[in-house]
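Listed here are the chains, written in short residue letters.
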Amino acid sequence: MKLRDLFTPESVTLSLEAESKDEILKELIQLLELDEKSEAILFKTLKRRENLGSTGIGKGIAIPHCRSLVVEELRLAYARKPGGVDFNAIDDEPVFNFFLIVAPPLEVSNQYLPVLGKVAQFAKDPEVPGLLAGLDDAEGFLSLLEERAP
Amino acid sequence: MLSTEIEEGSQLMNPELMTLMELQDLRAQHRALSGGESESVEVEQFNIDPTVAAARLEEVIAELEGRLSPPVLKRYRQIAPNRERVVVPVIHGVCYGCFVSIPTATAGDQDVHNQVRTCQSCGSFIYVAS
């Protein structure tokens, strides 16, 4: 499974408006286009995961992730925050790039962990943060995934 | 604006059903910290201490369990030890715990989000997905 196939243009935004950790999570969740009740539950679950330790892995990248009943299949979203935001990242630096990964409690295809690993690998490519910063639109992000995470 | 929308979403559902769904997700997080590949990912990629994190989750799970009414808590304790999912979605009228059709009267009930219900076939708590 290629990462490119798990994103759609609608699940990508290059202009997050939120300025706090909670608001960032909420804006990310809205990219998945769930119903209101599901959004509320997912927010609580992601927040509880963040309370165990930040998913900001350093170098301006965060990968909020969880399993939740509110999705029927693996769902991903990407968002860029121009200027960055404090996300309590491991390196205490602002986070600019957010990859949201949500999987159902049980998956037949068991893609969650391999995809989480692939996203982390992609994000840790030293050239990727610069390339993400230079994107103009969602299609550019999808092309970058095609190129760098085959 | 954004906060209000998501907070309103949490008010649309029966609080006890909401708590059960939270418990479901927290139990999944706890399992992820209890060994295997998912624990390794959390440790290696996110610097999580699995012992500390699991203990913290257990505290939250206990606190949420304390919010359940006695009959719901009793049912929850009957099914939780043996199943990975205590709450299952109902999609297109089918319980995703046992894949048996839910009676139309239940699946189509507009009030279903305001009551805690169980599948008559498998006994799981049910959540009617929108």
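Residues numbered from 1 in each chain as written. Chains lettered and ligands numbered in written order. Predicted model: local features only at pLDDT ≥ 70, side-chain atom pairs only at ≥ 80, totals over all residues. Heavy atoms only, no water.

Overview of the packing of helix 3 (residues 112-124) of chain A against helix 3 (residues 36-46) of chain B
Heads up, the condition is: Lines fitted to C-alpha atoms define the axes, with helix axes restricted to the stretch in contact, and inter-axis angles between N-to-C directions lie between 0 and 180 degrees. Secondary structure follows DSSP: runs of H or I at least 4 residues long count as helices, runs of E at least 2 residues long count as strands, and numbering of each begins at the N terminus. Oblique is the label for any angle not covered by the other classes, which are roughly parallel (under 35 degrees), roughly antiparallel (over 145) and roughly perpendicular (65 to 115). Crossings are sorted by hand: turned counterclockwise from the far helix by less than a right angle, the near helix makes the crossing left-handed, and turned clockwise it makes it right-handed. The contact criterion used is simple: two residues touch if any of their non-hydrogen atoms lie within 4.5 Å. Throughout this entry, Asp, Glu, Lys and Arg are counted as charged residues, while Ala, Val, Leu, Ile, Met, Phe, Trp, Tyr, Cys and Pro are counted as nonpolar. The remaining residues, Gly among them, count as polar.
Packing of helix 3 of chain A against helix 3 of chain B leaves a shortest axis separation of 10 Å and a crossing angle of 15°. When the axis of helix 3 of chain A is compared with that of helix 3 of chain B, the two are roughly parallel. Between helix 3 of chain A and helix 3 of chain B lies a crossing of left-handed hand. Across from A:Leu113, A:Leu116, A:Ala120 and A:Lys124 in helix 3 of chain A, the residues of helix 3 of chain B making contact are B:Glu37, B:Ser38, B:Val41, B:Gln45 and B:Phe46. Counted by class, the contact of helix 3 of chain A with helix 3 of chain B contains five nonpolar, two polar and two charged residues.

Digging into the interface of chain B and chain A
The extent of an interface is frequently quoted as the accessible surface area lost upon association of the parts. We apply this condition: Whenever a carboxyl oxygen of Asp or Glu lies within 4 Å of a side-chain nitrogen of Lys or Arg, that contact is scored as a salt bridge.
With 41 residues of chain B at the contact, the number on the chain A side is 36 residues. Run the count over chain B and chain A and you get three salt bridges. Between B:Glu22 and A:Lys44 there is a salt bridge, with its nearest N and O atoms 3.2 Å apart. Counting residues per element, the ones that place at least two in the side of chain B that touches chain A are helix 1 (2-11), helix 2 (15-32), helix 3, helix 4 (50-65) and strand 1 (87-91) of chain B.

Looking at helix 5 (residues 70-79) of chain B
All names here are of chain B. Spelled out, the test is: Only protein chains enter the accessibility calculation, which uses a 1.4 Å probe; a residue is then buried when its area is under 20% of its type maximum, exposed when over 50%, and partly exposed in between. The arc in question is formed by the directions pointing from the helix axis toward the C-beta atoms.
Looking only at helix 5, the buried set comprises Val72, Leu73, Tyr76 and Ile79. Around the axis of helix 5, the buried residues are gathered within 135° of arc, so they sit on the same side. Residues of helix 5 that are exposed and point over 90 degrees away from its buried face: Pro70, Pro71, Lys74 and Arg77.

A short note on helix 2 of chain B
All names here are of chain B. For the record, the criterion: Helices are assigned an expected span. That span is 1.5 Å times one less than the residue count. As used in this structure description, the phrase polar contact means that two N or O atoms lie within 3.5 Å; if the pair is within protein, one of them must be able to donate a hydrogen and the other to accept it, and residues adjacent in sequence are counted only when both atoms belong to side chains.
Spanning 18 residues, helix 2 covers 26 Å between terminal C-alpha atoms, matching the ideal 26 Å at 1.5 Å per step. Burial of helix 2 is extensive: 16 of the 18 residues sit out of reach of the surface. Where helix 2 begins, one side-chain oxygen reaches toward the backbone nitrogen of Glu16, 2.6 Å away; that side chain belongs to Asn14.

Describing the side chain of B:Asp25
Defined as follows: Charge counting treats Lys and Arg as positive and Asp and Glu as negative, with His and both chain ends excluded.
Among the structural elements, B:Asp25 can be located in helix 2. No salt bridge is formed by the buried B:Asp25; its nearest oppositely charged neighbour, B:Arg31, is found at 8.1 Å. A polar contact is formed between the side chain of B:Asp25 and the side chain of A:Thr45, at a distance of 2.8 Å.

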